[in-house]
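# A closer look at the structure
In case you want the letters, here they are:
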2 protein chains.
Amino acid sequence: MSNEKPILYTFYRSSCAWRVRTCLNWKGIDCEHRYVSLYKGEQKEEKYSEVNPYKTVPTLKIDGLVLTQSIPILEYLEETRPDKPLLPKEPDKRALVRTLVQAIAGDIQPIQNLRVLQQVESLGGDKNEWSKHFVTIGFEGVEKQLEKTSGKYCVGDEVTLADVCLLPQVYNATMRFGVDMKKFPRIQLIADNLNKLDAFKNAHPDNQGDYVKKS
Amino acid sequence: MSNEKPILYTFYRSSCAWRVRTCLNWKGIDCEHRYVSLYKGEQKEEKYSEVNPYKTVPTLKIDGLVLTQSIPILEYLEETRPDKPLLPKEPDKRALVRTLVQAIAGDIQPIQNLRVLQQVESLGGDKNEWSKHFVTIGFEGVEKQLEKTSGKYCVGDEVTLADVCLLPQVYNATMRFGVDMKKFPRIQLIADNLNKLDAFKNAHPDNQGDYVKKS
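Our subject in this report is the structure included herewith. All of these numbers come straight from a predicted model, not from anything done at the bench.

## Describing unusual backbone geometry
Cis geometry marks the peptide bond from A:V57 to A:P58, where omega comes out at 0 degrees. When you line up the elements, A:P58 lands in the loop between α2 (46-51) and β3 (59-62). In the Ramachandran plot, A:K84 falls in the positive-phi region, its phi being about 50 degrees despite a non-glycine side chain. Despite not being glycine, B:D63 has its phi angle at roughly 55 degrees, a positive value. Of note, B:D63 is situated in the loop between β3 (59-62) and β4 (65-68). The exposure class assigned to B:D63 is buried, which follows from its relative accessible area of 12%.

## Let's talk about the side chain of B:H204
Residue and element names in this part refer to chain B. Of note, H204 is situated in the segment after α9 (198-201). According to the relative accessible area criterion, H204 is buried, its value standing at 17%. Once residues within four sequence positions are removed from consideration, H204 is found in contact with W18, R21 and Y171.

## Remarks on the pairing of β3(A)
Residue and element names in this part refer to chain A. Across three bridges, the pairing between strand β1 (residues 7-10) and β3 is antiparallel. In the strand pairing of β3, L8 is matched with L60. Relative to strand β4 (residues 65-68), β3 runs antiparallel, the two sharing four bridges. Looking at the pairing, I62 lines up with L65 of β4. Here β3 folds back onto β4 in antiparallel fashion, the turn holding two residues, of which D63 has a positive phi close to 55 degrees.

Rules of the game
Here the residue numbers are simple positions, counted from 1 along each chain's written sequence. Chain letters start at A and ligand numbers start at 1, both assigned in the order the entries are written. In keeping with the model being predicted, local features are shown solely for residues with a pLDDT of at least 70 and side-chain atom pairs are shown and tallied solely at 80 or more, while totals for entire chains, interfaces and linings include all residues. As a rule here, side-chain values come from all non-hydrogen atoms in the structure, and water together with hydrogens is ignored. Numbered from the N terminus, helices here are DSSP runs of H or I no shorter than four residues, and strands are runs of E no shorter than two. Three labels apply to residues, based on accessible area from a 1.4 Å probe with only protein chains included: buried if under 20% of the type maximum, exposed if over 50%, partly exposed otherwise in between. Should any heavy atoms of two residues lie within 4.5 Å, those residues are considered in contact. One bridge is not enough; two strands pair if DSSP finds at least two bridges between them.

Okay, structure coming up:
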């Protein structure tokens, strides 16, 4: 392992980068931030795509490795820094956590990310209506699972990777797409609980060095 | 753990169900198949959504649990049935495998699944052009990662979860969307190698009990 300080390539408004920022905060891993503006398309520049072939944020340089894709980064941090765990020990509970992670990171977020919305607009579609539609469908499934699994947080009363993924998605749903959260009382309650925790607050877009006020 | 025979809710053409079929075959887990036709919208029927709140396939009933979402199911099978492993032991290699898994299961597949394509059509878009665009962008990243990691398969010469996810995506790319695979020689070579393996062949859509010949 390398002793160099980890470097996170991040963009304040990326929900995928937000997940990794939260996990780093939660585990107390000190990290240098380098900013990649998705608004300016900096992720497509050659300098960055040499670091990250997927031309996405985040990228994490840690332990002499260059890691891309947020979920694998979270799993790696969990495996190599098991203190302050974000996955339960029991395989059945781990599966519940990962199901929520994937429902958000697989079914919901990819369909409302910037490059998809640009394509929706090029077809003459309304990007907010599109996003609202898919986030709402996705949240219906999440809410139904939470009826069975949630306590103070997504799976019982311990913070897990499911929570790390949920909060950025709630932010997108409410601040960007106007999703009616009255239909999702459990999701909203958990989001309210998470918003009180320092690791989550400090990872919030408004608290990033590259934050830009934008409508 | 329950000793009952596992039940997989599957649809022959679902790439997510295909991933789980491959893993079950690979690990030699005998399993009953129940068919859920996405073409007929059976995943939205109440009877099924009580089993799977996300109204998606696959669902796996195993060990007295009801598991949904393909990637968490693969991780669960790996944790509880570690023989014939599909993840390496070393965290850095596990991260490489999971990065490819997520690039496919997060960045590519969700954007070309049935419910998204129906929405694209309702905007007057061409669903094949849409899919081709996003699969091509996604494969560019995958191909670039494979330049560094691949041997006979995605990560070295052992079959991993990355391969389990790659083959169904190559099928979609070629059989459904007409993606030009000449641009992706490593992906194509790995797919050719995987197509020779029984676990993959037996999981192929054409070899399923609910297979329907369709243009």
